[in-house]
Amino acid sequence: MSGSTFTTTLKTAATYIDVAANAHGEEKAHLALQALKRISSSSPHLVEVGPGGGSAVAYIASHLSAARPSIDDVRLTLVEVPGVTSTSLQRAIDAFNQVGTCRLLTGFAQDIGTLLPEPADVISASALLHEVYSYGGGYAGLHAMIRTLPSVLKPGGMFAYRDVYAVKSGSLHDRTQQTYTSRSWIRFLRMFLPQYLEEGTHPYHSAADLVVLRQDSRIVTPEHLAEGTSVVAAAPVGLFREVQRHYITLRDHIWRSGILGFSPYLEGPLSGDWIDARSGHKRVHYQLTDSDWLPASQRAMLLALSEQYMDHHTVDGDIFDECTDIALTAVLDRAEHGDGECAEVWQSWVTREGRETYAYMTLDSLLAAVAVHSTEAAQEQRTVLMPVRLADVMRRDRAYYNRYLRRALPNPLRDAKQLVLFSNVPVSDTGTLGDGMHCLQQWCSKGNLARVYAAINSGG
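Residues numbered from 1 in each chain as written. Predicted model: local features only at pLDDT ≥ 70, side-chain atom pairs only at ≥ 80, totals over all residues. Heavy atoms only, no water.

1. Comments concerning the overall build of the protein chain
The helix and strand inventory of the protein chain stands at 17 helices and 17 strands. Computed over its C-alpha atoms, the radius of gyration of the protein chain comes to 23 Å, within 12% of the 23 Å expected for a compact globule of 460 residues. Evaluated residue by residue, the protein chain yields a buried proportion of 55% over its 460 residues. Partitioning the intrachain contacts of the protein chain with sequence separation of at least 6 by distance along the chain shows that 80% fall at a separation of at least 24. With an accessible surface of roughly 19,200 Å², the protein chain has 51% of that area assigned to carbon and sulfur atoms. Each charge class in the protein chain was averaged separately, 41 positive and 49 negative side chains, and the resulting centres sit 5 Å apart. (Helix = DSSP H or I, 4+ residues; strand = E, 2+ residues; numbered from the N terminus. Rg over C-alpha atoms; globule rule 2.2 N^0.38 Å. Buried < 20%, exposed > 50% of the residue type's maximum accessible area, 1.4 Å probe, protein only. Contact = heavy atoms within 4.5 Å. Areas by Shrake-Rupley, 256 points an atom, 1.4 Å probe, with all protein chains shown as cover. Lys, Arg positive; Asp, Glu negative; His and termini not counted. Charge placed at Lys NZ, Arg CZ, Asp CG, Glu CD.)

And the structure:
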């Protein structure tokens, strides 16, 4: 993203790219692999925008080497922001070059129209649109990006997209109510909401979007929220989605910092030690860290509830989450008062992710926006980006986080990833166009369906 607020230094840190952002390779690659199977090309050209630590690249390489029937001569082009590098990505590139060819281009996603030397059969991206929205001009930048995609895709090509699931609601601006009782969540509201509403790129600017917080039936501002008293909040449902998702990312960030006095394994085999995967119940494996400010009683109680496992400890995930929230309250207290290391950890998270907007569109709005703005691309043969099969739209729930959220909040919002495989359909292809419209009918409102219909048929 070419905007000055894109935190290249923090986005390229080894603890982020090589660790935190280098997970879920199968999920990131799933739609791209499905698209490759449906593309009729003897030498398909696959583009991944924002490969990060290369988890999707490595997974695709592994899949291609074992695929039967094989998908031969795949040419992979990676587009990454200048200055963002990763040792794990380089390993993934080397692995891919054993089964195909891979090249890395540097540039911003908005400039993909001039970066690619040839059209792509498949373009794959994770979190691309929410980062363009947050750092590349809001909705204007987002719509410009969508208008660019058809011009760099072949007719009949595909755009495989994965991002944070928003909410099941007609609009992100629909008002709803949330209650917060946990001290860590209330303190987070006090610290996060003012800076996000003032400094983040978000759509909640109208009078109807005003956040109203009450404690003891009295309206209070976010800055004056008191701990120990429940908060009843009324606001757009999308804003609650932002609060919830940002709390989760902050918790992961603080875990990785080691500042709590303990740090869980969030990647690798030990991160998936499930007691019951369906319900999101797991054993958490963790190591003690050198941080010595955590009260000795809290550290001792966590150890008493844990078991020794090789060179580290393991504990029931529900217990670990509860201990984390207690320790997190202490960290945020010190961070709020500018206390050394805690303040640095908080500020690094705020700078890297605290201003991003994850849920900028519902699925209904996303599908309609991509379809409508894709028809505005500057190209001779008009096309429209839309899913054409029901299986091209899917959601993958985060069972572990949803389990935690159900325990922490009275009425949590679903935490999940949204995956959509868009086909670049020529408007002259009436058969496929009909399939696409039938698919959109499953998720889009009548108003948005009318918008898509009008956009496709404009200009004859």
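2. A short note on the nonpolar core
Counting residues in each nonpolar core, the largest one holds 56 residues, and the members touching the most others are Tyr180, Trp185, Phe188, Phe262 and Trp346. Listed by contribution, the elements that provide at least two residues to this core are α9 (183–199), β9 (231–236), α10 (237–257), β12 (281–288), α12 (317–336), α13 (340–352) and α15 (399–408). The element best represented in this core is α10, accounting for 9 residues. Counting 46 residues, the second largest nonpolar core, distinct from the first, contains Val79, Ala369, Val388 and Val425. (Core = buried A, V, L, I, M, F, W, Y, C linked by side-chain atoms within 4.5 Å.)

3. Focus on the confidence of the model for the protein chain
For the protein chain, mean pLDDT is 91; residues scoring 70 or higher make up 94% of the total. Per-residue pLDDT stays below 50 along residues 14–22; that stretch engages in 32 contacts with residues further than four places along the chain or on separate chains. (pLDDT = per-residue confidence, 0-100.)

4. Things to note about unusual backbone geometry
Trans is the common state for peptide bonds, and a negative phi is the common state for residues other than glycine. Located in the positive-phi region is Ser217, a residue other than glycine, with phi close to 70°. Position of Ser217 among the secondary structure elements: in the loop between β7 (212–215) and β8 (218–220). Given a relative accessible area of 69%, Ser217 falls into the exposed group. Positioned with a positive phi, Met310 is a non-glycine residue whose angle comes to about 55°. With respect to the secondary-structure elements, Met310 resides in the loop between β13 (307–309) and β14 (312–316).

5. Some details on α12
Relative to the 28 Å expected for 20 residues at 1.5 Å per residue, α12 spans 28 Å between its end C-alpha atoms, a close match to the ideal helical length. The N-capping residue of α12, defined by a side-chain oxygen 2.8 Å from the backbone nitrogen of Asp318, is Asp316. Backbone geometry just downstream of α12 places Gly338 in the positive-phi region, at approximately 70°. (Expected span 1.5 Å × (residues − 1). Polar contact = N/O pair within 3.5 Å; in protein donor to acceptor, adjacent residues only side chain to side chain.)

6. Focus: the sheet that holds β8
Read across the open sheet, the 4 strands follow the order β6-β9-β7-β8; overall the sheet is antiparallel. The two strands at the open ends of the sheet, each matched to only one other strand, are β6 (175–180) and β8. When the angles between neighbouring strand axes are averaged without regard to direction, this sheet yields 30°. As paired strands, β7 and β8 are joined by 3 bridges and run antiparallel to one another. Following the sheet pairing, Arg214 is matched in β8 by Ile219. Across the sheet, α9 lies against β6, β7 and β9, angled at about 130° from β6, the strand it touches most. This element, α10, spans β6 and β9 of the sheet and lies at about 120° to β9. (Pairing = 2+ DSSP bridges. Axes fitted to C-alpha atoms, helices over the stretch in contact; angles between N-to-C directions.)

7. Notes on the packing of aromatic side chains
By convention here, two paired aromatic rings are described through the distance between centres and the angle between planes. This structure, assessed with the given rule, holds 19 aromatic pairs. Above the plane of the ring of Tyr404 lies Arg251, whose end atom (NZ or CZ) is 4.1 Å from the centre. The ring of Trp274 is capped by Lys282, whose NZ or CZ atom sits 4.8 Å from the centre of that ring. (Phe/Tyr/Trp six-rings, centres within 6.5 Å; stacked < 30°, edge-to-face > 60°. Lys NZ or Arg CZ within 6 Å of the ring centre and 35° of its normal.)

8. Description of the side chain of Gln195
Residue placement: Gln195 occurs in helix α9. The class of Gln195 is buried, set by a relative accessible area of 10%. In this structure the side chain of Gln195 is engaged in a polar contact, spanning 3.1 Å, whose partner is the backbone oxygen of Gly354.

9. Considerations on the environment of Glu27
Within the element layout of this structure, Glu27 appears in helix α3 (residues 25–38). Put simply, Glu27 and Gln379 are 352 residues apart on the chain and 32 Å apart in space, counted from C-alpha to C-alpha. Those residues in contact with Glu27 that sit more than four places away from it in its chain are Arg162, Arg396, Arg398, Lys417 and Leu419. In terms of polar contacts, Glu27 uses its side chain to reach the side chain of Arg162, at 2.7 Å.

10. Overview of helix α5 (residues 87–96)
Within α5, burial applies to Ser88, Leu89, Ala92, Ile93 and Phe96. With its buried residues spanning 145° around the axis, α5 presents them on a single face. With respect to the buried face of α5, the exposed residues turned more than 90 degrees away are Thr87 and Arg91. (Arc of directions from axis to C-beta.)

11. Points about the pattern of salt bridges
This structure, assessed with the given rule, holds 26 salt bridges. Among the ionic pairs, Glu336 bridges to Arg190, the shortest N-O distance being 2.7 Å. Of the two residues, Glu336 sits in helix α12 while Arg190 sits in helix α9, which places them 146 residues apart along the sequence. One salt bridge connects Arg256 with Glu267, and the closest N-O pair in it is separated by 2.2 Å. With Arg256 in helix α10 and Glu267 in the loop between β10 (262–264) and β11 (274–276), this pair connects stretches of sequence that are 11 residues apart. Look at Arg256 and you get partly exposed, because its relative accessible area is 30%. The class of Glu267 is partly exposed, set by a relative accessible area of 25%. (Salt bridge = Lys/Arg side-chain N within 4 Å of Asp/Glu carboxyl O.)

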